[in-house]
Amino acid sequence: LYTNGNYAEAISKYDSILTNNMESHKLYYNLGNCYYKTGDWANAIWHYEKILKIEQNEKTIHNLALANLKIIDRIEKQILYVPT
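Let me sum up the structure you'll find in this document. (Residues numbered from 1 in each chain as written. Predicted model: local features only at pLDDT ≥ 70, side-chain atom pairs only at ≥ 80, totals over all residues. Heavy atoms only, no water.)

1. Regarding the overall build of the chain
And then number 1: Looking only at helices and strands, the chain features four helices and zero strands.
And then number 2: Ordered by position in the sequence, the α and β elements of the chain form the string α-α-α-α.
And then number 3: Expressed as a percentage of the 84 residues in the chain, the buried residues total 26%.
And then number 4: Intrachain contacts of the chain at a sequence separation of at least 6 include 35% that bridge at least 24 residues.
And then number 5: When the accessible surface of the chain is totalled, it reaches about 6400 Å², and 54% of it is carbon and sulfur. (Helix = DSSP H or I, 4+ residues; strand = E, 2+ residues; numbered from the N terminus. Buried < 20%, exposed > 50% of the residue type's maximum accessible area, 1.4 Å probe, protein only. Contact = heavy atoms within 4.5 Å. Areas by Shrake-Rupley, 256 points an atom, 1.4 Å probe, with all protein chains shown as cover.)

2. Observations concerning helix α3 (residues 41-54)
And then number 1: Given a rise of 1.5 Å per residue, 14 residues ought to cover 20 Å, and the 20 Å separating the end C-alpha atoms of α3 matches this to within 8%.
And then number 2: Inspection of α3 places Ala44, Ile45, His47, Tyr48, Ile51 and Leu52 among the buried residues, and these make up the whole buried set. For α3, the arc enclosing every buried residue in end-on projection is 165°, short of the 170-degree limit, so these residues lie on one face. Projecting away from the buried face of α3 at angles above 90 degrees are the exposed residues Ala42 and Lys53.
And then number 3: Contacts made by the buried residues of α3 are with α2 (25-37) and α4 (58-69). (Expected span 1.5 Å × (residues − 1). Arc of directions from axis to C-beta.)

3. Examining unusual backbone geometry
And then number 1: You will see that Asn21, though not glycine, has its phi angle at about 60°, which is positive.
And then number 2: Tracing the backbone through its elements, the reader meets Asn21 in the loop between α1 (7-19) and α2.
And then number 3: Asn21 sits in the exposed class, given a relative accessible area of 76%.

4. Points about the side chain of Asn63
And then number 1: Mapped onto the secondary structure, Asn63 falls in helix α4.
And then number 2: Side-chain polar atoms of Asn63 contact the side chain of Tyr29, separated by 3.1 Å.
And then number 3: Among all residues touching Asn63, those that are not within four sequence positions of it are Tyr29, Asn33 and Tyr48. (Polar contact = N/O pair within 3.5 Å; in protein donor to acceptor, adjacent residues only side chain to side chain.)

5. Comments concerning the packing of aromatic side chains
Geometry of an aromatic ring pair is reported as the spacing of the ring centres plus the angle between the planes.
And then number 1: Applying the stated criterion across every chain, the model contains four aromatic pairs.
And then number 2: Ring geometry for Tyr2 against Tyr7: centres 5.2 Å apart, planes inclined by 65°, an arrangement best described as edge-to-face.
And then number 3: Between Tyr29 and Tyr48, the aromatic rings sit 6.3 Å apart at their centres with planes inclined by 50°, giving tilted as the arrangement. You can see Tyr29 sitting in helix α2 and its partner Tyr48 sitting in helix α3, a full 19 residues away along the chain. Neither Tyr29 nor Tyr48 differs from the other in exposure class; each is buried. (Phe/Tyr/Trp six-rings, centres within 6.5 Å; stacked < 30°, edge-to-face > 60°.)

6. Overview of the nonpolar core
And then number 1: One finds Tyr14, Leu31 and Tyr48 to be the most contacted residues of the largest nonpolar core, which totals 16 residues.
And then number 2: Mapped onto this core, the elements with two or more residues apiece are α1, α2, α3 and α4.
And then number 3: If you tally residues by element for this core, the top one is α2, at six residues.
And then number 4: Not counting chain neighbours up to four residues away, the residues in contact with Leu31 comprise Ile11, Tyr14, Asp15, Leu18 and His47. (Core = buried A, V, L, I, M, F, W, Y, C linked by side-chain atoms within 4.5 Å.)

Right under this line is the structure:
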């Protein structure tokens, strides 16, 4: 399903595996990629972060960084100047 671009269906199948209490870093990675492909940045980030709690790997770190770049509502740190 993923290979054919049917990301929503792939998400559904991967989620059904999770509901059967089976999980792995590969499953979360595939889910993260599906969510990334559908533009669901929050879920992509969540799944990539979930992987990093299980296993550290460069591909996940890279994908997480790309997904974080997609977040629009960033709060930038600002220094407030208050005259004395």
